[in-house]
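A structural walkthrough
Listed below, chain by chain, are the residues.
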Amino acid sequence: MTSYQSDFIELCMRLGVLKFGSFRLKSGRESPYFFNAGLFSSGAAIAAVGRAYGDSIVASDLTFDMLFGPAYKGIPLVTAAAASLAERHGFDLPFAFNRKESKDHGEGGTIVGTPLTGRVLIVDDVITAGTAIRESIDIIRTAGAHPAGVLLALDRQERGSISPLSAVQEVREQFAIPVIAVISLSDLMHHMSAHGRTVELADMQRYRDRYGLKD
């Protein structure tokens, strides 16, 4: 695991973005951890997130021309990622995001920022059902551009309710595009083990044994 991944996990725990306990998910499952990217809500926090996203992009060797953030959580994430790429890695790339409702005055339309063109990297927090990602891909293709991949904060690495695949795997297979994450459940468990967090590690292992992806 890289230093930026460890730093990102520590940031998430410090801000309460990543919590441990017992949480009922929308799927009905009882999860021993919960991730809420909406709590990246200060200047220092979103700057740190941008660094983690930027480092992940550079490490991935993905090829793309611009970035896109689906409303709403994707908006600050794509902004921070683009800023980090320019400031820390020398890649000054355009970005855009969408409105939930079309604007019928001023510049109009649903896209804010650079018009979608070329190969577009989608930037979001997590994939639960994959709805936001599928909508983003439709938006990108409708504009005549091409989805180049998806960047997430966290890959939970768990099966769907009725599928042996995870939501991340389903997006990969359905659209034949790469999906990368700053951290995965495996990374999180490795970090807990390295820091002696045995209670949290045991809870996550039980959850993974029950709902995790099969080898």
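An account of the accompanying structure is given in this report. (Residues numbered from 1 in each chain as written. Predicted model: local features only at pLDDT ≥ 70, side-chain atom pairs only at ≥ 80, totals over all residues. Heavy atoms only, no water.)

**So, the pairing of strand 7 (residues 146-155)**
Across the 10 residues of strand 7, nine count as buried, placing the element largely inside the fold. The sheet contact formed by strand 6 (residues 119-123) and strand 7 spans five bridges and is parallel. The residue of strand 7 that forms the bridge with Val120 is Pro147. Here strand 7 pairs with strand 8 (residues 179-184) via five bridges, running parallel. Note on strand 8: the bridge partner recorded for Leu151 is Ile180. A crossover links strand 7 with its parallel partner strand 8, the connecting element being helix 5 (residues 167-175), and its sense is right-handed. (Buried < 20%, exposed > 50% of the residue type's maximum accessible area, 1.4 Å probe, protein only. Helix = DSSP H or I, 4+ residues; strand = E, 2+ residues; numbered from the N terminus. Pairing = 2+ DSSP bridges. Right-handed = clockwise from strand over helix to strand, strands pointing away.)

**Concerning the packing of aromatic side chains**
For the structure shown, the criterion picks out four aromatic pairs. On the numbers, 6.0 Å between centres and 35 degrees between planes, the contact of Phe8 with Phe40 is tilted. Taken together, the residues Phe8 in helix 1 (residues 3-15) and Phe40 in the loop between strand 2 (30-35) and helix 2 (43-60) connect sequence positions 32 residues apart. Taking relative accessible area as the criterion, Phe8 reaches 2% and is therefore assigned buried. Each member of the aromatic cluster is reached from another via a ring pair, and the members are Phe8, Phe35 and Phe40. (Phe/Tyr/Trp six-rings, centres within 6.5 Å; stacked < 30°, edge-to-face > 60°.)

**Describing the pairing of strand 6**
On a regular strand, each side chain points to the face opposite its neighbour's, so the side chains alternate between the two faces of the sheet. The element strand 6 is extensively covered by neighbouring structure, given that four of its five residues are classed as buried. Taken together, the three bridges between strand 3 (residues 66-69) and strand 6 define a ladder with parallel strand orientation. If you follow Phe68 over to strand 6, its bridge partner there is Ile122. Tracing the backbone out of strand 6, into helix 4 (residues 131-142) and back to the parallel element strand 7 gives a crossover that is right-handed.

Take it as geometry only, folks, not as evidence of what the structure does.
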